[in-house]
Amino acid sequence: MFLEIKDLKKFYGEKENRICVLKGVNLSIEEGSIVVILGPSGSGKSTILNIIGGLEVPDNGTILINGKKIDNMKASNLGKYRRDMIGFIFQSYNLIPNLTVKENIELCQKLGDKAIDIDEVIDLLGLTEHKNKFPRYLSGGQQQRTAIARAIVKNPKLLLCDEPTGALDYETSKETLRLLEVVRKKYGTTILMVTHNEAIGKMADKILKISGGEIAKEIVVENPLSVD
Ligand code: ADP
Ligand code: ADP
């Protein structure tokens with residue numbers, strides 16, 4: 001199993017303000033799959049993603065990625081883990097406004113054998129004709145494609161997507177999901193996405209429903225992406 005999480009707990013706040021956001025999350029994800037964690041706002045989805053991405057520390061539980069334990073990793077190793085293994089995209093595209101599409105992507109390119117050719121990824125995401133434009137001249141979908149290209153160019157094993165289509169209309173969301181599928185096929189990237197949008201969930205291989213601080217239901221999607 002590529003990603004395995006057991007009894008993940010997370011609390012926020014102190015004393016009487018202490019809240020339990022994750023009360024024992026268990027999940028496992030196969031390499032090269034596209035999985036969606038679905039749940040309402042405030043259900044702890046971003047918290048799970050941030051813990052997997054090494055941005056937040058869990059209070060309990062084990063997290064294994066590729067057989068490697070990341071839940072009690074030292075800060076110095078976490079930095080390397082994030083750089084080598086993880087790509088992140090968010091609802092807001094977080095592009096640098098005074099750099100072009102290509103320059104935004106180049107910023108995250110790694111030198112070395114694992115690096116992906118930058119023009120290849122620009123082409124894959126349909127950005128060739130936009131590569132010399134500044135982000136403000138792009139539509140939302142084009143900006144998100146740039147953010148995906150930037151996350152992918154360092155060839156991460158795991159792409160974490162926090163409400164990636166949250167600011168996009170339905171058709172553009174579908175196109176974005178289709179491109180994530182293209183990325184998965186080409187590079188074998190495992191993709192974990194969180195959303196409150198049920199329609200987006202149906203475009204994944206598997207839906208994990210989060211409720212009450214745990215994964216309440218697991219649904220295997222038949223014919224993902226054929227849904228409209
Ligand atoms: P979701 O992504 O499902 O909207 P989050 O993981 O962002 O949910 O948040 C889950 C709960 O944890 C919410 O009640 C939120 O207010 C709370 N929370 C998230 N981050 C923090 C934080 N850094 N400090 C205190 N509470 C937080
Ligand atoms: P959408 O309808 O998908 O939101 P837009 O109408 O924002 O898309 O943009 C459509 C196309 O026009 C895009 O390819 C974008 O790059 C281009 N574009 C938008 N605004 C400008 C602009 N001010 N200057 C040059 N090109 C632009």
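From a predicted model like this one, the values you see are computed outputs, not experimental measurements.

**Examining the pattern of salt bridges**
Then, number 1: Taken as a whole and judged by the stated rule, the model has 12 salt bridges.
Then, number 2: Close ionic contact of Lys69 with Asp71 constitutes a salt bridge, the shortest N to O distance being 2.8 Å.
Then, number 3: Exposure remark for Asp71: the relative accessible area of 14% places this residue in the buried category.
Then, number 4: For Glu181, the salt bridge goes to Arg184, with nearest N and O atoms at 2.6 Å. One end of the pair, Glu181, and the other, Arg184, are both in helix H6 (residues 170-187), 3 residues apart, so they sit about a helical turn from each other.
Then, number 5: What makes Arg184 buried here is its relative accessible area of 14%.
Then, number 6: Via salt bridges that share partners, Glu181, Arg184, Lys185 and Asp205 belong to a single interconnected network.

**Topic: the confidence of the model for the chain**
Then, number 1: Mean pLDDT over the chain works out to 93, with 97% of the residues at or above the 70 mark.
Then, number 2: Prediction confidence for the complex, expressed as pTM and ipTM, is 0.88 and 0.73 respectively.

**Topic: the site of ligand 1**
Then, number 1: Taken together, the residues surrounding ligand 1 are Tyr12, Val21, Pro40, Ser41, Gly42, Ser43, Gly44, Lys45, Ser46 and Thr47.
Then, number 2: Within the contact set of ligand 1, an oxygen atom lies 2.7 Å away from a backbone nitrogen or oxygen of Gly42.
Then, number 3: Against a free-state accessible area of 570 Å², the protein chains account for coverage of 56% of ligand 1.
Then, number 4: With 3 residues, helix H1 (residues 45-52) is the largest single contributor of residues to the shell around ligand 1.
Then, number 5: Along the lines of polarity and charge, the residues of the shell around ligand 1 split into 3 nonpolar, 6 polar and 1 charged.

**A word on helix H5 (residues 140-152)**
Then, number 1: Taking 1.5 Å as the rise per residue, H5 with 13 residues should run 18 Å; its terminal C-alpha atoms sit 18 Å apart, in good agreement.
Then, number 2: The element H5 is extensively covered by neighbouring structure, given that 12 of its 13 residues are classed as buried.
Then, number 3: Within H5, the full set of buried residues consists of Gly141, Gln142, Gln143, Gln144, Arg145, Thr146, Ala147, Ile148, Ala149, Arg150, Ala151 and Ile152.
Then, number 4: Contacts made by the buried residues of H5 are with strand S6 (86-90), helix H3 (101-106), helix H4 (118-124), strand S7 (158-162) and H6.

**Here's the deal with the side chain of Asn104**
Then, number 1: Within the fold, Asn104 resides in helix H3.
Then, number 2: The exposure class assigned to Asn104 is buried, which follows from its relative accessible area of 0%.
Then, number 3: Residues within four places of Asn104 in sequence aside, it is in contact with Leu95, Ile96, Leu99, Pro135, Thr146 and Arg150.

**What about the packing of aromatic side chains?**
Then, number 1: All chains considered together, the criterion is met by 1 aromatic pair.
Then, number 2: Aromatic side chains Phe88 and Phe90 sit 5.1 Å apart centroid to centroid with 5 degrees between the ring planes, which places their arrangement in the stacked category.
Then, number 3: Residue Phe90 is classed as partly exposed on the basis of its relative accessible area of 28%.
Then, number 4: When the ring centre of Phe11 is taken as origin, the NZ or CZ atom of Arg18, which lies over that ring, is 4.1 Å away.

**Comments concerning unusual backbone geometry**
Then, number 1: Backbone geometry at Asp7 places phi at a positive 50 degrees, although glycine is not the residue there.
Then, number 2: Residue classification places Asp7 among the partly exposed residues on the basis of a relative accessible area of 33%.
Then, number 3: Of note, Asn155 is a non-glycine position whose phi angle comes to about 55 degrees, a positive value.
Then, number 4: When its relative accessible area of 23% is taken as the criterion, Asn155 is described as partly exposed.

Rules used throughout
- Residues numbered from 1 in each chain as written.
- Chains lettered and ligands numbered in written order.
- Predicted model: local features only at pLDDT ≥ 70, side-chain atom pairs only at ≥ 80, totals over all residues.
- Heavy atoms only, no water.
- Salt bridge = Lys/Arg side-chain N within 4 Å of Asp/Glu carboxyl O.
- Buried < 20%, exposed > 50% of the residue type's maximum accessible area, 1.4 Å probe, protein only.
- Helix = DSSP H or I, 4+ residues; strand = E, 2+ residues; numbered from the N terminus.
- pLDDT = per-residue confidence, 0-100.
- Near = heavy atom within 4 Å.
- Polar contact = N/O pair within 3.5 Å; in protein donor to acceptor, adjacent residues only side chain to side chain.
- Areas by Shrake-Rupley, 256 points an atom, 1.4 Å probe, with all protein chains shown as cover.
- Nonpolar A, V, L, I, M, F, W, Y, C, P; charged D, E, K, R; others polar.
- Expected span 1.5 Å × (residues − 1).
- Contact = heavy atoms within 4.5 Å.
- Phe/Tyr/Trp six-rings, centres within 6.5 Å; stacked < 30°, edge-to-face > 60°.
- Lys NZ or Arg CZ within 6 Å of the ring centre and 35° of its normal.

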